[in-house]
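# Descriptive structure summary
Given next are the chains, with one letter for each unit.
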Amino acid sequence: MADRVADEPSSRTGSPDGEGRVSEDRLLLHQRLAIQELVDTEVSYLHMLQLYAYDIRNRLQQLPQGDLDVLFSNIDDIIQVNSRFLHDLQETASTEEEQVRLIGNVFLKFQEELERVYKVYCASCDQALLLVETYRKDPELQREIQGIIEAVVPQARASGLGFLLVTPLQRITKYPLLLQKILENTAPDASAYPVLQRATSALQDVNANINEYKMRKEVASKYTRVEQLTLRERLARINTHSFSKKTTRLSQLLKQEAGLVPRTEDKEFDDLEERFHWVSLCVTELKNNVAAYLDNLEAFLRFKPHEYNLDIPEGPVAQYCHLAKELQLTAFLEFKQRLEGLVWRPLCSLAKALAGPQNLIKKRLDKLLDFERVEEKLLEVGSVTYEEEAARHTYQALNSLLVAELPQFNQLTMQWLGQILRTFVALQQDLAKQVLQKAEGTLAQLPHHHVSEPDFRKLMEDMLGQTSNQLHSFRKSFEKVLPPPTIQPLLPGAEHQVQALLSKYGPGKLFQVTSSISGTGTLDLTLPRGQIVALLQNKDTKGNSGRWLVDTGGHRGYVPAGKLELYHVAPSEEELKGQAGPQEGSRHLTPEPTLVPVASVPSMTQVVAVYPFVARSSHEVSLLPGQPVTVLEAQDKKGNPEWSLVDVNGQRGYVPSSFLARAPSPALWGWRLPS
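Residues numbered from 1 in each chain as written. Predicted model: local features only at pLDDT ≥ 70, side-chain atom pairs only at ≥ 80, totals over all residues. Heavy atoms only, no water.

### As for the pairing of strand E1 (residues 510–513)
Each regular strand carries side chains that alternate between the two faces of the sheet. Rules: Burial classes: relative accessible area under 20% of the type maximum marks a residue as buried, over 50% as exposed, and values in between as partly exposed (1.4 Å probe, protein chains only). Secondary structure elements are defined from DSSP: runs of H or I of at least 4 residues count as helices, runs of E of at least 2 residues count as strands, and each element is numbered from the N terminus. Two strands qualify as a pair provided DSSP detects at least 2 bridges between them.
Neither face of E1 is left uncovered, since the one carrying Leu-510 and Gln-512 and the one carrying Phe-511 and Val-513 both have all their residues buried. The pairing of E1 with strand E5 (residues 564–566) spans 3 bridges and is classified as antiparallel. Each bridged residue has a counterpart across the sheet, and for Val-513 the counterpart in E5 is Leu-564.

Okay, here's the thing in structure tokens:
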């Protein structure tokens, strides 16, 4: 009807000026209609988002929280940005003459914010749509969801949840079209025309950037998945194509190491990667420390002093036991639970979140090698295959994504780490405050409650020092009556080798292999358990103290230091008898036995074990010092008296004869404590 009204002057006046005015009026009318369409559709769109984010989300609480996070993504951020965007659009109507120019400025103002929130939503939309497809496989759940959607948004109809999911995608792609429509109905010589042009171009760039970001996220998601594959599954994935790719990458890497081809330098990424590895190290170290702290706390909670009978029924001890019981069952237990929930589990989640970026950085190196090889070919030949071009784009996508998002990830990780540390400190403070509150009434009844804190600290230090000295003195006295260190029997026929090593290097250099060693390198030795070796050097040529250079008496090579223990030469029978005799100037609580070699003991004789022995096979049996042993046969099947067949607590097996002794005295035999 407006067009017919606009055409009437044209029919009455045929002058060029009249036709120009009619054309301007028609252009202005279409411009206002386009602006009205922009504002009205924005109002409807924002209303739809609010229904989706609030009403529908509240009615879908039967879905797992993880599903809700995927379905609604960052919809709250979009609502916040579009609410301010709509408010500014509506404000432009107050100045009708400048409205078109102001609309262009509004779009330019919100360009970065629109791109920031919509690229996150668009990147996760495919995952949400896949989730909707899984719901359709459950008819009952699908009917329930469809009923909720139709009750809140009737126009969704059969499209259901999928209709709402794609609404933000449709809206962001429609902004350039709406601006283009306004631009087409704006005179080129108008002052608002350049602003509208820039706004239209800016929103087109926003959509292009969102598509690029979405593509990068799709490429990255393929490599961030951390799969736990068995060796068989990994071998099954090896084929000619994958083997060829890995060989080509290795060749490219060797060329770079040899200096035959240049290496691509990316200072920006190298700095970000170094920062990421530093952050990862901080998380790993803190996780290890908290794990050790929890282990120590668990050991502390297992110690329950209030359950011990101290034979002191009244006084400060009873008060202490009551306080210890109360703290054990309330304060410390609550502290442990809060520590696990507020520190340990978030820390584990943070460590798990690092796996994706770590895998992505590793994949970037592989793709960089592919990229460099393709670039070389492009310079030499001038063309590449479709697959090689795809490899270039994959590297560029991974690199761009890492450069864009690693700074934010590093920053968020440090914030998360800082919050965990602050929580840990707060928990410690709460524990101290709670313990002091519970102990407030009991402290007055404990000794030294009147002593000032510095004096009490000094008193405790002196007492602990005195106790430490007493324990040290007791340990030295106790060591005098301990049996000799564990002496494992030698391998058959090894006596001559040990004597040769002993005469050449001395007893302080001899070590015994505690478990079998399988050498993997050219200089590594393969040795059986029980082998005696002489130490030549306690580190390898690279300064690694975990690998020792040893001499077996025939070969020299490296073995793991952790599988060696100092060998103590077994005393002779005369030395054993000398040790068993009375010591001058010492008082015994119980008489010491006279040690007699078992070789002279008849069968079915009760003896005791002098030294500990660890069985190495099913034919042997283990011994503990002082353990009663019944000798069944004082020799092995070949008549060798060095091994005896014995019975230990119902178990039969062979033990070294020199590890056994008779105790003729009927008195008890045990450890002699210092007087």
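### Notes on the sheet that holds strand E3 (residues 547–551)
Our working rule: The axes used here are C-alpha line fits, helices contributing only the stretch in contact, and every angle between their N-to-C directions lies in the interval 0 to 180 degrees. Contact between two residues is taken to exist if any of their heavy atoms lie within 4.5 Å; hydrogens are not considered.
On the basis of which strands lie adjacent, the open sheet formed by 5 strands has the order E4-E3-E2-E1-E5 and antiparallel pairing. Looking at which strands have only one partner, the edges of the open sheet turn out to be strand E4 (556–560) and E5. In this sheet, adjacent strand axes meet at a mean angle of 50° when their direction is disregarded. Pairing of E3 with E4, which is carried by 5 bridges, proceeds in the antiparallel orientation. Opposite Leu-549, over in E4, you have Tyr-558 as the bridge partner. Most of the contacts of helix H17 (residues 495–505) go to strand E2 (residues 532–537), to which it runs at about 25°, and overall it touches E1, E2, E3 and E4.

### What to know about the nonpolar core
The cut-off we apply is this: In this description, a nonpolar core means a group of buried Ala, Val, Leu, Ile, Met, Phe, Trp, Tyr and Cys residues linked to one another through side-chain atoms lying within 4.5 Å.
One finds Tyr-52, Ile-56, Leu-71 and Phe-107 to be the most contacted residues of the largest nonpolar core, which totals 60 residues. Mapped by element, the contributors of at least two residues to this core are helix H2 (16–59), helix H3 (65–72), helix H4 (75–91), helix H5 (99–109), helix H6 (111–135), helix H7 (139–152), helix H8 (161–184) and helix H9 (193–224). When residues in this core are grouped by element, the largest group, 11 residues, is from H2. Other than its neighbours up to four places away in sequence, Phe-107 contacts Leu-38, Phe-85, Leu-89, Tyr-175, Leu-179, Ala-199 and Leu-203.

### Remarks on unusual backbone geometry
Of note in this structure, Ser-73 is not a glycine but carries a positive phi near 40°. Exposure remark for Ser-73: the relative accessible area of 28% places this residue in the partly exposed category. The backbone of Asn-649 shows a phi angle near 55°, a positive value even though the residue is not glycine. For Asn-649, the position within the fold is in the loop between strand E8 (643–648) and strand E9 (651–656). With relative accessibility at 67%, the residue Asn-649 sits in the exposed group.

### Topic: the layout of surface pockets
Filter applied, for reference: Residues are said to line a cavity or pocket when one of their atoms sits within 4 Å of a point; the points come from a 1 Å grid over protein atoms alone, cavities being sets where a 1.4 Å probe fits but cannot get out and pockets being open sets with protein on both sides within 12 Å along at least five of seven lines. Grid points are joined across faces, edges and corners, and a volume is the space filled by probe spheres set on the points. For the domain bounds, the source is a domain assignment made automatically or taken from a database.
Computed from the structure, the largest pocket encloses a volume of approximately 1,400 Å³. If you trace the largest pocket, you find 41 residues lining it, with Ala-123, Tyr-213, Lys-217, Leu-401 and Glu-405 closest to the centre. Where the lining of the largest pocket is concerned, the elements lending two or more residues are H3, H6, H9, helix H13 (316–353), helix H14 (355–381) and helix H15 (386–443). Domain assignment of the residues forming the lining of the largest pocket places at least three in each of domain 1 (20–224) and domain 2 (246–256 + 267–309 + 329–423).

### A few points about the sheet that holds strand E7 (residues 628–633)
Overall, antiparallel pairing links the 5 strands, which are arranged E9-E8-E7-E6-E10 in an open sheet. Each end of this open sheet is capped by a strand with a single partner; those strands are E9 and strand E10 (660–661). For E7 and E8, the ladder comprises 3 bridges, and the chain directions are antiparallel. Paired with Thr-630 across the strands is Asp-647, a residue of E8.

### Things to note about empty space enclosed by the protein
Heads up, the rule is: In this classification, Asp, Glu, Lys and Arg are treated as charged, Ala, Val, Leu, Ile, Met, Phe, Trp, Tyr, Cys and Pro as nonpolar, and every other residue, Gly included, as polar.
On inspection of all chains with the given rule, the structure shows 1 cavity of 30 Å³ or more. Taken as a whole, the largest cavity holds about 50 Å³ of empty space. Lining the largest cavity are Ala-331, Glu-334, Phe-335, Arg-338, Leu-427, Asp-430, Leu-431 and Gln-434. Put simply, the parts of the chain that give the lining of the largest cavity at least two residues each are H13 and H15. Of the residues in the lining of the largest cavity, the class split is 4 nonpolar, 1 polar and 3 charged.

### Here we look at the packing of helix H12 (residues 267–302) against H14
What counts is decided by this rule: Definitions for this section: a left-handed crossing has its near helix turned counterclockwise from the far helix by less than a right angle. A right-handed crossing has that turn clockwise.
With their axes 12 Å apart at the nearest point, H12 and H14 run at an angle of 145° to one another. With respect to the hand of their crossing, H12 and H14 are arranged in left-handed fashion. Note on element contacts: H14 touches H12 through Pro-357, Gln-358, Ile-361 and Arg-364, opposite Phe-269, Glu-273, Phe-276 and Ser-280. Classifying every residue of the contact of H12 with H14 by side-chain character gives 4 nonpolar, 2 polar and 2 charged.

### Brief notes about the side chain of Asp-647
Stated precisely, the cut-off is as follows: In protein, a polar contact means a hydrogen-donor-capable atom and an acceptor-capable atom, both N or O and within 3.5 Å, with residues adjacent in sequence counting only if both atoms are side-chain atoms; elsewhere, any N or O pair within 3.5 Å suffices.
Residue position: Asp-647 is located in strand E8. A distance of 3.3 Å separates a polar side-chain atom of Asp-647 from the backbone nitrogen of Gly-650. Ignoring sequence-local partners within four residues, the contact set of Asp-647 consists of Val-629, Thr-630, Leu-632 and Arg-652.

### Examining the packing of aromatic side chains
For clarity, the cut-off: Stacked, edge-to-face and tilted labels apply to pairs of Phe, Tyr and Trp rings (six-membered ring for Trp) whose centres lie within 6.5 Å, assigned for plane angles under 30 degrees, over 60, and everything in between, in that order. Geometrically, a lysine NZ or arginine CZ counts as sitting over a ring once it is within 6 Å of the ring centre and also within 35 degrees of the ring normal.
Tallied over the full model, the rule gives 14 aromatic pairs. Plain terms: the ring middles of Tyr-293 and Phe-424 are 5.3 Å apart, the flat faces sit at 80° to each other, and that makes the pair edge-to-face. Note that Tyr-293 is positioned in helix H12 and Phe-424 in helix H15, a separation of 131 residues in sequence. Residue Tyr-293 is classed as partly exposed on the basis of its relative accessible area of 28%. Arranged with centres 6.0 Å apart and planes meeting at 80°, the rings of Phe-613 and Phe-659 form a pair that is edge-to-face. Taken together, the residues span a long stretch of sequence, with Phe-613 in the loop between strand E6 (605–609) and E7 and Phe-659 in the loop between E9 and E10 at a distance of 46 residues. Taking the relative accessible area as the measure of exposure, Phe-613 reaches 1% and is therefore buried. These aromatic residues form a ring-pair network of at least three members: Phe-85, Phe-107, Phe-110 and Tyr-175. Residue placement shows Lys-119 over the ring face of Tyr-213; its charged tip is 4.8 Å from the ring centre. Directly above the aromatic system of Phe-269 lies the positively charged group of Arg-364, at a separation of 3.6 Å from the ring centroid.

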